[in-house]
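Residues per chain are reported as follows:
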Amino acid sequence: MHRITLSLALAGLIAVLSTMGAQATNVVLFLGDGMGISTVTAARIFAGQALGKTGEEHQLTFDQFPHVALVKTYNTDAQVPDSAGTITAILTGRKTRMGVLGIGPQVERGDCAQALRAQLPSILQLAEQAGYATGIVSTTRITHATPAGTYAHSPDRNWESDVDMPEAARAEGCTDIAQQMIDMPHGDGLDVILGGGRVQFLPTDVSDPEYPQVQGRRTDGRNLIEAWLAARDGRTYVWNSAQFEALRPRAGSQFMGLFEPSHMKYDADRDKDTAGEPSIAAMTRFAIEQLRHNDQGFFLLVEGGRIDHGHHASNAYRALADTVAMDAAVGVATELLDLDNSLILVTADHSHTLTISGYPPRGNPILGKVPLYEQLRKADTKPYTTLSYANGPGYVATRPDLTGTDTTAPSYLQLGTVPLVSETHGGEDVAAFATGLHADKVRGVMEQNVLFEAMSSALFDQNPKE
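Visitor: Go over the pairing of strand 6 (residues 254–258) with me, naming the residues and quoting the values.
Guide: Burial analysis of strand 6 places five of its five residues in the buried class, which makes it a mostly covered element. Burial along strand 6 is two-sided: Gln254, Met256 and Leu258 facing one way and Phe255 and Gly257 facing the other are all buried. For strand 4 (residues 192–196) and strand 6, the ladder comprises four bridges, and the chain directions are parallel. Each residue of the ladder has a partner; that of Gly195, found in strand 6, is Leu258. In this sheet, strand 6 lies alongside strand 5 (residues 235–238) in parallel orientation, the contact comprising four bridges. Considered in strand 6, the bridge of Val238 is made with Gly257.

Printed below as a string of structure tokens:
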């Protein structure tokens, strides 16, 4: 019943969209998970200093986009949001609760029966149903909240594999997120799938190809990778960098690459992966080159997902390095796409508690210590870092003397004010940067769900200049 309801909703929307003409259009949404404004500022300086500049004057690729907005990120039940509720707002045009994917706000988290009656179609599903090519690229598990928001409807973002679901929910007809990706009923399914998360698709008696000591997680006995390959001709699956580098875009083909059992490596650690992993820029390049074989156009989500994880670990170095890596992917999109018929939108789902403070002089290393001004020495003469967090695992009960500590080291954890196992999200507005088709709709102070309107206008309004 729930699929019939969703299909009718999709059919009505697509009927309206199909009356608008025939010009091919493309939308690429770059989602820096946890990439708040302080992260953008720090990453800009970090990237500039890596090039030998003082850093502050540097510009990231998306800094140069002509249209910018502030975006309000709250969930319907939360002042400080999570990634599931926020990606649902961006992709469906409806704000919703924390922890649910593609489900309306009336549904309590974990309520399968309610969720089956309250599914919200995503812009990717609308595009796929209307004949566009579609793809997702992420440095996280492909079943994680942000990428899953493109194709899944779940009352709990954590139901990534069948083992994660309550038996009662399965009995009521809910399916896990990995299964939903494989069984996606819209169009001919996703055309490009690149990210991590192999074990969500493998049964418990199958070993991971890269780490034989790691087993699959599925208890239903199904190998969903094999099921995906068998469901349609022209499908290719890869799991390491050599296989990925051998891929060539082909019209009518579909590709899946899962490069880690769980999340992909941080960009700073990719060279330590024995099987190798492509960069987010390389994955973005392949995805665009493949998707543009479709004459109608395409929708692509690219997530820099591990920015968020670096912050949760109070590890600013890796969060900033992943931000710069995603910016390189934005550069690939601007190189490959004609902005007369394409929208590139860069935003974040939420912020983090990262702060930039202490009056450091111009050009001071962004990961370094702040030279103390004489008037500030009265209370404490211990050095401290420009970057810190409001909470998280970097907390120590007695503030340490950092005189001999290399705070620019990749694994240094910035200090946190409140002790928590994991640093939390921040609730302030995030920025959105846009260029290309209908980019002028990204302006002012926006509700997060209104970003959906900008993307749907660019994708489906085939006469944008009239």
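Visitor: Provide a residue-level description of the state of the cysteines, including the pertinent values.
Guide: Any covalent bond linking the sulfur atoms of two cysteines counts as a disulfide. Under the definition given, this model contains one disulfide. Disulfide partner of Cys112: Cys174, at an S-S distance of 2.1 Å. Between Cys112 and Cys174, the disulfide has an S-S torsion of 110° and is therefore right-handed. Of this pair, Cys112 sits in helix 4 (residues 112–116) while Cys174 sits in the loop between helix 7 (167–172) and helix 8 (177–182), and the two are 62 residues apart along the sequence. By the burial criterion, Cys112 is buried, and Cys174 matches it.

Visitor: Please give an account of helix 14 (residues 451–460) that cites residues and values.
Guide: The element helix 14 is largely enclosed, with a buried count of nine among its 10 residues. Regarding helix 14, the residues found buried are Leu451, Phe452, Ala454, Met455, Ser456, Ser457, Ala458, Leu459 and Phe460.

Visitor: Tell me about the sheet that holds strand 15 (residues 444–447), residues and numbers included.
Guide: Overall, mixed pairing links the 10 strands, which are arranged 5-6-4-3-7-1-8-14-2-15 in an open sheet. One side of each edge strand has no neighbouring strand; the edge strands of this open sheet are strand 5 and strand 15. Across the sheet, the mean angle from the axis of one strand to that of its neighbour is 15°, orientation sign disregarded. Bridge count for strand 3 (residues 133–141) against strand 7 (residues 297–304) is six bridges, and the pairing is parallel. Residue Val137 lies in a different strand from strand 7, and its bridge partner there is Val302. The strands touched by helix 11 (residues 280–291) within the sheet are strand 1 (25–32), strand 3, strand 4, strand 6 and strand 7, with strand 7 carrying the most contacts at an inclination of about 170°. Most of the contacts of helix 13 (residues 316–336) go to strand 1, to which it runs at about 170°, and overall it touches strand 1, strand 7 and strand 8 (342–347).

What counts, and where the lines are drawn
- Residues numbered from 1 in each chain as written.
- Predicted model: local features only at pLDDT ≥ 70, side-chain atom pairs only at ≥ 80, totals over all residues.
- Heavy atoms only, no water.
- Buried < 20%, exposed > 50% of the residue type's maximum accessible area, 1.4 Å probe, protein only.
- Helix = DSSP H or I, 4+ residues; strand = E, 2+ residues; numbered from the N terminus.
- Pairing = 2+ DSSP bridges.
- Disulfide = S-S within 2.5 Å.
- Axes fitted to C-alpha atoms, helices over the stretch in contact; angles between N-to-C directions.
- Contact = heavy atoms within 4.5 Å.

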